Amino acid sequence: MRSLREAFGQFATGVAVITTVTDDGERAGVTVNSFTSVSLDPPLVLWCLSNRAPSASIFLRAGRFAANVLAADQDHLSRRFATPSADKFAGVELLGTPLPILAGALASFVCRTERVYDGGDHHIFVGEVERYQRGAGEPLVFHSGRYREFWPEVTVGGAA
C-alpha cells in the first residue's frame, strides 16, 4: 500500500482546502490535493474525502462546500486543515460569506453538492459551482510528499 501511495505521489498537484458549514453552524475544513474541474457547462468540480475522515459526516450533511485553491505562501493553512484540531478555523482570516472562504486563496469556488459517489475508501463529491473568485500569484504545489516551488523563468539557449 505504501509503495502505491508513493507512486501516486509522483503526480504533482495543487493544494486546496475544502470548507463547509451545516445549517446549524457546524464548520469543517480539510486539505485535499484531489480537487479538479469536471465540466464548464454546467460548471462542475470534484474532490475526494476519506470515508474515515472525522469531518465526513459534516460534509455529507451540509450540501454545500467551498474549494479554496491555496497560494504558494499558504502552506501553513494546508498543514492546519490537514491536522486534527478542535477548531481549525481559530485565527484564520475568512471572507464575509456564509461558507468559510479563506482570505488570500488564489481561487475560491462556492458549490452546491450535486452528487456524492462511493469511491472505495473515499467519498467522491461533485459540486456545481454557484460563484467563484480568482486572485493572482503562484500556487501551492505538492509532489512526492512535500511542498514544491516553481522555478523562476529562465532562458535556455537564448530563447525565453
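Note: the structure precedes this text.
Notes on the structure in this doc start here. (Residues numbered from 1 in each chain as written. Predicted model: local features only at pLDDT ≥ 70, side-chain atom pairs only at ≥ 80, totals over all residues. Heavy atoms only, no water.)

Sheet topology places strand E4 (residues 36–40) next to strand E5 (residues 43–50); 4 bridges connect them, and they run antiparallel. Counterpart to threonine 36 in the pairing with E5 is leucine 46. Hairpin connection from E4 to E5: 2 residues lie between these consecutive antiparallel strands. With 7 bridges joining them, E5 and strand E10 (residues 122–134) adopt antiparallel strand pairing. Looking at the pairing, serine 50 lines up with histidine 122 of E10. (Pairing = 2+ DSSP bridges. Helix = DSSP H or I, 4+ residues; strand = E, 2+ residues; numbered from the N terminus.)

A separate point is the environment of glutamine 133. Examined against the element boundaries, glutamine 133 turns out to sit in strand E10. Judged by relative accessible area, glutamine 133 falls into the partly exposed class, the value being 41%. Separated by 27 residues in the primary sequence, glutamine 133 and leucine 106 place their C-alpha atoms 8.3 Å from one another. (Buried < 20%, exposed > 50% of the residue type's maximum accessible area, 1.4 Å probe, protein only.)

The next subject is the side chain of glutamine 74. Within the secondary structure, glutamine 74 sits in the loop between strand E6 (64–69) and helix H3 (75–82). When its relative accessible area of 5% is taken as the criterion, glutamine 74 is described as buried. With sequence-adjacent residues up to four places away left out, glutamine 74 is seen in contact with Val69, Ala103, Gly104, Ala105 and Leu140. (Contact = heavy atoms within 4.5 Å.)

A separate point is the packing of aromatic side chains. This model, assessed by the stated rule, comprises 7 aromatic pairs. Judged by centre distance (5.6 Å) and plane angle (35°), the ring pair of phenylalanine 35 and phenylalanine 109 falls under tilted. Of the two residues, phenylalanine 35 is situated in the loop between strand E3 (27–32) and E4 and phenylalanine 109 in strand E9 (residues 107–119); the sequence distance between them amounts to 74 residues. The partly exposed category is assigned to phenylalanine 35, whose relative accessible area is 21%. Note on phenylalanine 109: relative accessible area 18%, which makes it buried. Both rings, one in tryptophan 47 and one in phenylalanine 65, keep their centres 5.8 Å apart while their planes meet at 65°; by these two values the pair is edge-to-face. Here tryptophan 47 is found in strand E5, whereas its partner phenylalanine 65 is found in strand E6, with 18 residues between them in sequence. The residues tryptophan 47 and phenylalanine 65 share a single accessibility class, namely buried. (Phe/Tyr/Trp six-rings, centres within 6.5 Å; stacked < 30°, edge-to-face > 60°.)

Any functional reading would require information beyond the geometric quantities listed.
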